[in-house]
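As a plain string of letters, each chain reads:
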Amino acid sequence: MNKYFSAVIALIISATATAQSPMRTVLYTFEPGETLKADEYCSNLKILPNKFACLTFNAVDSTMSLVINGERITTGNAVRALYLDTENPANSIYLYGNRGEEFLYVQGEHFGPYEEIYHWGLSSETYPERPHDGTPNLDFLFNKKLFYFKNMGMMFRHDNDGTIYMCNDVVPWASINEKEQENPIFKSTKGTCGIEFVGEYHTFRFTGPGASWLTMAPPQFDGWKMFCLNNVAVADRGIAVLEYTYINETSDYKYKSYSFLYDLATQSATGFGSDEYYDPSSNTTKEISAKPIHPIRPEQFNNHIGKLSLQDKSKKHQFLCNYEYDYVMIDGKRYGKSVPVKAFYDEENNSFAWTCVEGQELVLYSYKLSDK
């Protein structure tokens, strides 16, 4: 065998080994005592560039840290991610600080300190319970800066325009009827429009620049009686969506949600049930679709893999993982020594990829598939 032929054989063997060996990339190195908190990890599901965010827990001092793209953003024992933008971390929304001294970060603005902060419903651009129909999360669109907080044992509401209102001393997850004081006002982000309730929670005045409209939601219809007010979302352009719960003692389903869209310019109202949603882009209500309308960005913190099967675009290659096994399987072969935190197929790179914890490292593996 001549030297040239030997060199060619060696090159082929080397190339084959490289093609069949996953590439290992360290995303983050944990500090002593630190590890991934449960399964709270999200990713842009790309290999290059890989963007990710996670929450960690350190058993040494019982603190949590928010990590975005390998950088520790904040650390404390009161850290909670509400909305994460891995492409632009400054656009994220999260709670931080320590118990008894909590802060809220909303896309470049810091609020606090407060004894406690209550802010929810912002885990994605679409509602978490309906992630596949494109239903817009109205809290994300119109109520980013609306939250409840406690100081000196008293509860308050911070409205979108910065106004602070004192609330009744009840649990923050109570209905608006219970926790708000008499005739509450809800403002839009710039404060140009507002909803002010008048007496009962079905009657209110909708105001905007040069306009005022006294209107109401039906206190009862078709045997259903208004039970409580769940949510108010007011847009600066003069649109408001109010969500109520109605009750019917004789129905098999005792409670149901019903919403109303109010347009200040035309002084018109449109009612819609839980099988419809308000679409801000068209300013209309639409039926919920069974097919995805747009992807969620960023991916929610609901990433416990359990059992997962992936295929490539040709449907000829298969990736398998199972939380009961400490390895993954690609086309019948075993790889790795850890259970994945997240796994995906990257079509642009024609590769399977998975993230796992190995010792003190958060690692991304990528496996390039043959194009044949």
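Residues numbered from 1 in each chain as written. Predicted model: local features only at pLDDT ≥ 70, side-chain atom pairs only at ≥ 80, totals over all residues. Heavy atoms only, no water.

Caption draft 1: Region of the structure containing the packing of aromatic side chains. One pass over the full model with this rule turns up 30 aromatic pairs. An aromatic cluster is built from Phe186, Phe197, Tyr201, Phe204, Trp213, Phe221, Tyr244, Tyr246, Tyr258, Phe260 and Tyr262, whose rings are joined through pairwise contacts. Residue placement shows Lys144 over the ring face of Phe140; its charged tip is 4.5 Å from the ring centre. The residue whose ring lies beneath Arg157 is Phe186, and the NZ or CZ to ring-centre distance is 3.8 Å. (Phe/Tyr/Trp six-rings, centres within 6.5 Å; stacked < 30°, edge-to-face > 60°. Lys NZ or Arg CZ within 6 Å of the ring centre and 35° of its normal.)

Caption draft 2: Up close: the sheet that holds strand S18 (residues 220-221). Taken in spatial order, the five strands line up as S18-S19-S20-S21-S22 in an open sheet, and their pairing is antiparallel. Strands at the two margins of the open sheet, each flanked by one partner only, are S18 and strand S22 (268-273). Both strand S20 (residues 239-247) and strand S21 (residues 255-263) contribute to a ladder of nine bridges, which runs antiparallel. Counterpart to Ala240 in the pairing with S21 is Tyr262. (Pairing = 2+ DSSP bridges. Helix = DSSP H or I, 4+ residues; strand = E, 2+ residues; numbered from the N terminus.)

Caption draft 3: Here's a closer look at the nonpolar core. In this structure, Phe197, Phe206, Val232, Leu242 and Tyr244 are the most contacted members of the largest nonpolar core, which totals 28 residues. If you tally residues by element for this core, the top one is strand S19 (residues 224-235), at five residues. Not counting the four nearest positions on each side in its chain, Phe197 is found in contact with Asn183, Pro184, Phe186, Thr203, Phe204, Leu229, Val232, Leu242 and Tyr244. (Core = buried A, V, L, I, M, F, W, Y, C linked by side-chain atoms within 4.5 Å. Buried < 20%, exposed > 50% of the residue type's maximum accessible area, 1.4 Å probe, protein only. Contact = heavy atoms within 4.5 Å.)

Caption draft 4: Structural view of the environment of Thr207. Tracing the backbone through its elements, the reader meets Thr207 in strand S16 (residues 203-208). The spacing of Thr207 and Thr192 is 15 residues in sequence and 8.2 Å in space, taken between C-alpha atoms.

Caption draft 5: Looking closely at the pairing of strand S12 (residues 154-158). For S12, the tally of buried residues reaches four of five residues, placing the bulk of the element in the interior. Pairing geometry for strand S11 (residues 147-151) and S12, over five bridges, is antiparallel. Within S12, the residue paired with Tyr148 across the bridge is Arg157. Between the end of S11 and the start of S12, which pair antiparallel, lie two residues, with Met152 showing a positive phi angle near 50°. Both S12 and strand S13 (residues 164-166) contribute to a ladder of three bridges, which runs antiparallel. Each bridged residue has a counterpart across the sheet, and for Phe156 the counterpart in S13 is Met166. In textbook terms, the turn of a hairpin is the stretch between consecutive antiparallel strands, and for S12 and S13 this stretch comprises five residues, one of which, Gly162, has a positive phi near 100°.

Caption draft 6: Local environment of the environment of Asn151. By secondary structure assignment, the location of Asn151 is in strand S11. Note: C-alpha distance between Asn151 and Glu116 (35 residues apart in sequence) is 7.3 Å. Apart from the residues within four sequence positions on either side, Asn151 is in contact with Pro113, Tyr114, Glu115 and Phe156.

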